[in-house]
Amino acid sequence: MDNGETGADRLDFIREIIRSDKADGTHAEIVTRFPPEPNGYLHIGHAKSICLNFGAAEEFGGRCHLRFDDTNPIKEELEYIDSIQEDVRWLGFDWGENLFFASDYFEQLYQWAEALIEAGKAYVDDLSAEEIRAYRGTLTEPGRESPYRDRGVEENLDLFRRMRRCEFADGARVLRAKIDMAAGNINLRDPVLYRILHAHHPRTGDAWCIYPTYDFAHGQSDAIESITHSLCTLEFEGHRPLYDWLVDNLPVPSRPRQIEFARLNLNYTVMSKRRLLELVQEGQVKGWDDPRMPTLSGMRRRGFPPAAIRDFADRVGVAKRDSVVDVALLEHCVRTDLNHQAERRMGVLRPLKVVIENYPEGREEELEAVNNPEDPAAGTRMVPFSRELYIERDDFMEDPPKKFFRLAPGREVRLRYAYFITCREVVKDADGNVTELRCTYDPETRGGDAPDGRKVKATLHWVSAVHAIPAEVRLYDHLFTRPDPGADGSLLDDLNPNSLVVLDGCRLEPALAGLSAGELVQFERLGYFCVDPDSTPDRPVFNRTVTLRDTWAKVKARG
């Protein structure tokens, strides 16, 4: 597991490379890019790359481009393009005027493909996709040359131009680089550069029926934009020789450098777009922004602050070796941020009615409550108090065990900001369920302290029954029950049946009325909560962001 040190505490080999390149004059200006494919929603793994690319560029006085790798129209949608831009902005980064698309360069890429053909370094192949895979060989055996590999330049140009004119069916032909079918790196065994796809493109419409592969578009797009450091995750390390071969063999205007770093892996989480899409399509979650999803839109809806995600990315750091990070570290970063910014409120999730028998009927008063003990500038608020209250059902036990210090028959506890109360009678229904507690209060303990100095061992949160507002509260937990979902079988077998618990009939203090979607608060003693977009003025809905328990802090304390 990652140890959670901050980025400043560890060696960042990428920034060392950038610092060296700038110091020795290799690059006067640093230019990076974040190049998502618009075929899904961004997730927490992308956040690491976003923070690295935008952060490193800003740190060295450069710029970072947002470029969409829109080379596969079959899987791309404008919905994803819009959501990706929203997510990057939400994280706190701005690409300014540097928004680009690989499709901006389709004509230039095509011309460069013809240049490779004219140089005898590319050819049109008629083998099927299955045959190309069979001819490619294995890690221990060299590949075999295609029978179409030695076509002449003129024939290849003619066929490639006819491919562009849409004269052939999907999969009938491809354009391949002519490199080395015996190369130890399989990516250099005559890789495919163009394929035929009769598909409508979200931006270029039906102007093209051939599309460049990622390998062909990636490096050349970097070169067109004068990218100095092309930062990729480790799965692209084997593609770097091809990246460099193409840059070496084309008249590109600049020479970018590809550098690989370890991708982010979180336990109890899957980050494969294919698997996330399956969860959405099969109805296991309620969309890409379901608060249980690792997508940035899901985390935003759950209430994760962007500053906490940036802090998490910094703590994880940049490494050359893959590892698995404990999701508890992410939750720790969220708690740390929210502890400073979230105002405190009282909400009762599983209400149990309390009647204070010696409190005058019809009387009401207001008690002063602190908004945020971490921020004195947040001030205080007034909380209404009356004869009938609600407390948490879990805060009462009729026959408590030895270490249960909350309310029980004959026991005195403190009500937060209010009074000491003592339970005198337990009211039950016909089935023996506790429905109401009859208590007395000590009027001398207003504010929570006894003049005679006596102490109580528990402080409970509460709301005034007559003033409370009803609400729905959604309690979210990990989507999966095991740290490596799907490792021993179906991913669905590891779904957590308790990843979402919906509580109806919750009671909240009136200060929680009228909050806007996305606003964050701490429900005292319960956790941090965020207003969900499903909220209405008559029926607020809150999502639990994280509990108050900090697993990561306990792990760190144990060393």
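What you see is a predicted model, and the numbers here were worked out from it, not measured in a lab.

Conventions used here
- Residues numbered from 1 in each chain as written.
- Predicted model: local features only at pLDDT ≥ 70, side-chain atom pairs only at ≥ 80, totals over all residues.
- Heavy atoms only, no water.
- Helix = DSSP H or I, 4+ residues; strand = E, 2+ residues; numbered from the N terminus.
- Rg over C-alpha atoms; globule rule 2.2 N^0.38 Å.
- Buried < 20%, exposed > 50% of the residue type's maximum accessible area, 1.4 Å probe, protein only.
- Contact = heavy atoms within 4.5 Å.
- Areas by Shrake-Rupley, 256 points an atom, 1.4 Å probe, with all protein chains shown as cover.
- 1 Å grid on protein atoms, 1.4 Å probe; cavity = no way out; pocket = protein on both sides within 12 Å on 5 of 7 lines; lining within 4 Å.
- Points joined across faces, edges and corners; volume = space filled by probe spheres on them.
- Nonpolar A, V, L, I, M, F, W, Y, C, P; charged D, E, K, R; others polar.
- Pairing = 2+ DSSP bridges.
- Axes fitted to C-alpha atoms, helices over the stretch in contact; angles between N-to-C directions.
- Phe/Tyr/Trp six-rings, centres within 6.5 Å; stacked < 30°, edge-to-face > 60°.
- Lys NZ or Arg CZ within 6 Å of the ring centre and 35° of its normal.
- Disulfide = S-S within 2.5 Å.
- Parallel < 35°, antiparallel > 145°, perpendicular 65-115°, else oblique.
- Left-handed = near helix turned anticlockwise from the far one by under 90°.

Draft legend 1. Focus on the overall build of the protein chain. A tally of helices and strands in the protein chain yields 13 helices and 25 strands. In summary, the protein chain has a C-alpha radius of gyration of 31 Å against a globular reference of 24 Å for 559 residues, an excess of more than 25%. For the protein chain, the C-alpha atoms occupy an extent of roughly 100 × 55 × 40 Å along the three principal directions. Out of the 559 residues belonging to the protein chain, those deemed buried represent 53%. In the protein chain, once contacts between residues fewer than 6 apart in sequence are set aside, the share between residues at least 24 apart is 71%. Of the roughly 24700 Å² of accessible surface on the protein chain, a fraction of 46% belongs to carbon and sulfur atoms.

Draft legend 2. Looking closely at empty space enclosed by the protein. Tallied over the entire structure, the rule returns three cavities of 30 Å³ or more. For the largest cavity, the lining is made up of 18 residues, of which Thr-269, Arg-292, Arg-302, Val-327 and His-478 are closest to its centre. Contributing elements (two or more residues each) for the lining of the largest cavity: α10 (296-302) and α12 (327-341). Looking at the lining of the largest cavity, the element that brings in the most residues is α12, giving three residues. Here the lining of the largest cavity is built from residues that sort into 12 nonpolar, two polar and four charged. One number sums up the size of the second largest cavity: a volume of about 60 Å³. Around the second largest cavity sit Tyr-214, Asp-215, His-218, Phe-236, His-239, Leu-242, Tyr-243 and Gln-258, which together line it. Elements that contribute at least two residues to the lining of the second largest cavity include exactly α7 (214-224) and α8 (240-249). If one sorts the elements of the lining of the second largest cavity by residue count, α7 sits on top with three residues. By residue class, the composition of the lining of the second largest cavity is four nonpolar, three polar and one charged.

Draft legend 3. Structural view of unusual backbone geometry. Positive phi, normally seen in glycine, also occurs at Asp-190, with a value near 50°. Position of Asp-190 relative to the elements: it lies in the loop between β5 (174-177) and β6 (192-196). Of note, Tyr-417 is a non-glycine position whose phi angle comes to about 70°, a positive value. Within the fold, Tyr-417 resides in the loop between β16 (412-415) and β17 (420-428).

Draft legend 4. Region of interest: the sheet that holds strand β23 (residues 520-523). One open sheet holds the seven strands; their spatial order is β10-β23-β24-β25-β21-β22-β11, and the pairing between them is mixed. Edge positions in the open sheet fall to β10 (343-345) and β11 (347-348), since each of these has one partner strand only. Running over the sheet, α12 touches β10, β23, β24 (527-531) and β25 (541-547) and is turned about 115° from β25.

Draft legend 5. Spotlight on the packing of aromatic side chains. The tally for this structure, following the rule as stated, stands at 19 aromatic pairs. Ring centres of Phe-106 and Tyr-211 lie 5.8 Å apart, and the angle between their planes is 70°; this geometry places the pair in the edge-to-face category. Taken together, the residues Phe-106 in helix α4 (residues 106-118) and Tyr-211 in strand β7 (residues 210-212) connect sequence positions 105 residues apart. The pair formed by Phe-106 and Tyr-211 is uniform in burial state, with each residue classed as buried. Of the aromatic side chains, those joined through ring pairs into one cluster are Phe-106, Tyr-110, Phe-160, Tyr-194, Trp-208, Tyr-211 and Phe-216. The ring of Phe-101 carries the charged tip of Arg-203 above its face, separated from the ring centre by 3.8 Å.

Draft legend 6. Highlighting the state of the cysteines. In total, this model carries one disulfide according to the counting rule given. Each sulfur of the disulfide joining Cys-166 and Cys-209 lies 2.2 Å from the other. Handedness here is read from the sign of the S-S torsion; for Cys-166 and Cys-209, about -120°, the answer is left-handed. Remark: Cys-209 occurs in the loop between β6 and β7 and Cys-166 occurs in the loop between α6 (153-164) and β5; sequence separation between them is 43 residues. When its relative accessible area of 3% is taken as the criterion, Cys-209 is described as buried. Note on Cys-51: no disulfide assigned, nearest cysteine sulfur contributed by Cys-64 at a separation of 11 Å. For Cys-51, a relative accessible area of 13% gives the class buried.

Draft legend 7. Spatial organisation of the packing of α4 against α6. In contact at an axis separation of 9 Å, α4 and α6 are set at 160° when each is read in the N-to-C sense. Classified by the angle their axes make, α4 and α6 are roughly antiparallel. With respect to the hand of their crossing, α4 and α6 are arranged in right-handed fashion. Where α4 abuts α6, its residues Glu-107, Tyr-110, Gln-111, Ala-113, Glu-114, Ile-117 and Glu-118 lie against Val-153, Asn-156, Leu-157, Phe-160, Arg-161 and Arg-164. Residues of the contact of α4 with α6, tallied by class, amount to six nonpolar, two polar and five charged.

Draft legend 8. Looking closely at the layout of surface pockets. Considering only enclosed or pocket space, the largest pocket measures out at about 1300 Å³ in volume. As for the largest pocket, its lining consists of 48 residues, and the residues nearest its centre are Glu-37, Asn-39, Glu-235, Phe-236 and Lys-273. Among the secondary structure elements, those contributing two or more residues to the lining of the largest pocket are β1 (31-34), α2 (44-59), β6, α7, β8 (229-233) and α9 (273-281). In terms of residue class, the lining of the largest pocket is made up of 18 nonpolar, 15 polar and 15 charged.

Draft legend 9. How the structure looks around the packing of α7 against α8. Contact geometry of α7 with α8 gives a least axis separation of 9 Å together with a crossing angle of 60°. Here α7 is positioned oblique relative to α8, judged by the angle of their axes. Between α7 and α8 the crossing geometry is right-handed. Facing Asp-215, Phe-216, His-218, Gly-219, Gln-220 and Asp-222 of α7, the residues of α8 in contact are Leu-242, Tyr-243, Leu-246 and Val-247. Residues belonging to the contact of α7 with α8 are distributed by class as follows: five nonpolar, three polar and two charged.

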